[in-house]
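Results of the structural survey
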Amino acid sequence: MSNAVSYKDLGLVNSRALFHNAVDGGYAIPAYNFNNLEQLQAIVVACAETDSPVIIQVSKGARDYANETMLRYMAMGAVQMAKELGKDLPIVLHLDHGDSFELCQSCIDSGFSSVMIDGSHLPYEENVALTRRVVEYAHQRDVAVEGELGVLAGIEDDVVAEQSTYTKPEEVEDFVKKTGVDSLAISIGTSHGAYKFKLAPGESVPPLRFDILDEIEKRIPGFPIVLHGASSVVPAYVALINQYGGKMDGAVGVPEDQLRQAAKSAVCKINIDSDGRLAVTAKVREFLAHNPAEFDPRKYLGAARSELIALIKHKNQAVLGSAGKA
């Protein structure tokens, strides 16, 4: 690509040093998905106010929605906005769930500092080969790569799986060695979307498989581990959405205390998408219900942005432990 852009020219960083510090420090770097201006503003403000490093990430669908050129300048704007807030935050721009070499290549060439290649749905050797190909291209440009072993259930943009397949600890050493990835997403019981678990009345959320995580840590000590599908599906937001005309029966997520436990281990990146969507939707519905004559998007999206700032600050401080680590 003749007009390729380096992430360094955009003021971004890759995730390697951040992960090293997180593993040593017993916290996780927050990876927040965004689709629009208000979500990105909220991420930057909240992370500046909590002095937290951050990974801003987009899915293939979000990149198409935002437009890849617009996205590049939004990332540059995020870096500059943080500086104007008095913080020189380390900001990573990451592709979430890249599904092909071509998509990863395109993102790298347009200024992403980190990409995920998700070959977890493929047979093992095909996953290794695809991941290795992306790593070779990315590392020539000092871009970090995340791979995945194991399959998470649920729905998130283009990622759909009926059921989970736990990561097999006996495969991780071989996978990391053969691919050269910088981090590894694993499956220990989280899942995508707002409907992570189907619970009977009175039944509680099943605990994460920390036994699998412990075994993986023993096999690849100190290696950066990633948790996808880690939204807690905040009950207050689900209740607000349902109160003001929504229909989200049975939405449930991963308890925050389990995520905090994971963040103290080798898990150094925790992805949060659904909670942000829920916060925004809840506040938009509430605002419009109370202000039916209002038609200025700045009013209802502004209310949503304020709520998202509060949510992200809480996650950084109480769940991921990343506050004060920038």
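The preceding data block contains the structure.
The structure reproduced in this document is the subject of the present report. (Residues numbered from 1 in each chain as written. Predicted model: local features only at pLDDT ≥ 70, side-chain atom pairs only at ≥ 80, totals over all residues. Heavy atoms only, no water.)

1. Quick word on empty space enclosed by the protein
Heads up, the condition is: Grid spacing is 1 Å over the protein atoms alone, the probe is 1.4 Å, and a cavity is where that probe fits but cannot get out, while a pocket is an open set with protein on both sides within 12 Å along at least five of seven lines and lining residues have an atom within 4 Å of a point. Grid points are joined across faces, edges and corners, and a volume is the space filled by probe spheres set on the points. The residue classification treats Ala, Val, Leu, Ile, Met, Phe, Trp, Tyr, Cys and Pro as nonpolar and Asp, Glu, Lys and Arg as charged. All others, Gly included, are polar.
What the rule picks out here adds up to four cavities of 30 Å³ or more. As a volume, the second largest cavity reaches approximately 70 Å³. Lining of the second largest cavity is provided by Tyr 32, Asn 33, Gln 39, Ile 43, Ile 272, Asp 273, Gly 276, Arg 277, Leu 308 and Ile 312. Across the lining of the second largest cavity, the residue classes break down as five nonpolar, three polar and two charged.

2. Observations regarding the sheet that holds strand E1 (residues 29–33)
Selection criterion: When DSSP finds at least two bridges between two strands, those strands are taken to pair. Elements are defined by DSSP. Helices are runs of H or I of four residues or more, strands are runs of E of two residues or more, and each kind is numbered from the N terminus. Each axis is a line fitted through C-alpha atoms, and for a helix only the stretch in contact is used; angles between axes span 0 to 180 degrees, taken between their N-to-C directions. Should any heavy atoms of two residues lie within 4.5 Å, those residues are counted as being in contact.
Within the closed barrel, the eight strands sit side by side as E1-E2-E3-E4-E5-E8-E9-E10. Their pairing is parallel. Neighbour to neighbour, the strand axes of the sheet diverge by 25° on average, direction disregarded. Across three bridges, the pairing between strand E8 (residues 183–186) and strand E9 (residues 225–227) is parallel. Within the sheet, the bridge partner assigned to Ile 186 lies in E9 and is Leu 227. Contacting E1, strand E2 (54–59), strand E3 (91–98), strand E5 (144–149), E8 and strand E10 (267–272), helix H1 (residues 16–25) runs over the sheet at an angle of about 110° to E10.

3. Overview of the packing of helix H2 (residues 37–50) against helix H12 (residues 297–320)
We count it as follows: Angles below 35 degrees are treated as roughly parallel, those above 145 as roughly antiparallel, those between 65 and 115 as roughly perpendicular, and all remaining angles as oblique. Crossing handedness: left-handed means the near helix sits turned counterclockwise from the far one by under a right angle, and right-handed means the same turn made clockwise.
The geometry of H2 relative to H12 is characterised by a closest axis approach of 8 Å and an angle of 40° between their N-to-C directions. Of the possible angle classes, the one that applies to H2 and H12 is oblique. When you trace H2 past H12, the crossing you get is right-handed. Contacts between H2 and H12 involve Glu 38, Gln 39, Gln 41, Ala 42, Ile 43, Val 45, Ala 46, Cys 47, Glu 49 and Thr 50 from the first element and Leu 301, Arg 305, Leu 308, Ile 309, Ile 312, Lys 313, Asn 316 and Gln 317 from the second. Across the contact of H2 with H12, the residue classes tally to nine nonpolar, five polar and four charged.

4. A word on unusual backbone geometry
Although it is not a glycine, His 97 sits at a positive phi angle of roughly 55°. Tracing the backbone shows His 97 in strand E3.

5. Details of helix H9 (residues 235–243)
Owing to its 3.6 residues per turn, the α-helix brings residues three or four apart onto one side. Short version of the rule: Using a 1.4 Å probe on the protein chains alone, a residue whose accessible area is under 20% of its type maximum counts as buried, one over 50% counts as exposed, and one in between counts as partly exposed. To obtain the arc, one takes the directions from the helix axis to the C-beta atoms.
Of all the positions in H9, only Tyr 237, Val 238, Leu 240 and Ile 241 are classed as buried. One face of H9 carries all of its buried residues, which in axial projection span an arc of 160°. Exposed side of H9, more than 90 degrees from the buried face: Pro 235 and Gln 243 are the residues found there. Those residues of H9 that are buried lie in contact with helix H11 (274–290) and H12. Downstream of H9 by one or two residues, Gly 245 has phi in the positive range, about 100°.

6. Some details on the packing of aromatic side chains
One pair of aromatic rings is described through two measures. These are the centre distance and the angle between the planes. To keep it simple, the criterion reads: Between rings of Phe, Tyr and Trp, where Trp is taken as its six-membered ring, a pair exists when centres lie within 6.5 Å; planes separated by under 30 degrees are stacked, by over 60 edge-to-face, and by other angles tilted. Either the NZ atom of lysine or the CZ atom of arginine qualifies as a charge over a ring when it sits within 6 Å of the ring centre and within 35 degrees of the ring normal.
Evaluation of the coordinates by the stated rule reveals two aromatic pairs. Note on Phe 101 and Tyr 137: the rings are 5.8 Å apart at their centroids and 80° apart in plane angle, and the pair reads as edge-to-face. Taken together, the residues span a long stretch of sequence, with Phe 101 in helix H5 (residues 101–109) and Tyr 137 in helix H6 (residues 124–139) at a distance of 36 residues. Here Phe 101 and Tyr 137 have matching classes, each one buried. Ring geometry for Tyr 124 and Phe 175: centres 6.3 Å apart, planes at 55°, overall tilted. One end of the pair, Tyr 124, is in helix H6; the other, Phe 175, is in helix H7 (residues 169–179), with 51 residues separating them in the sequence. Lying across the ring of Tyr 166, Arg 209 places its NZ or CZ 5.0 Å from the centre.

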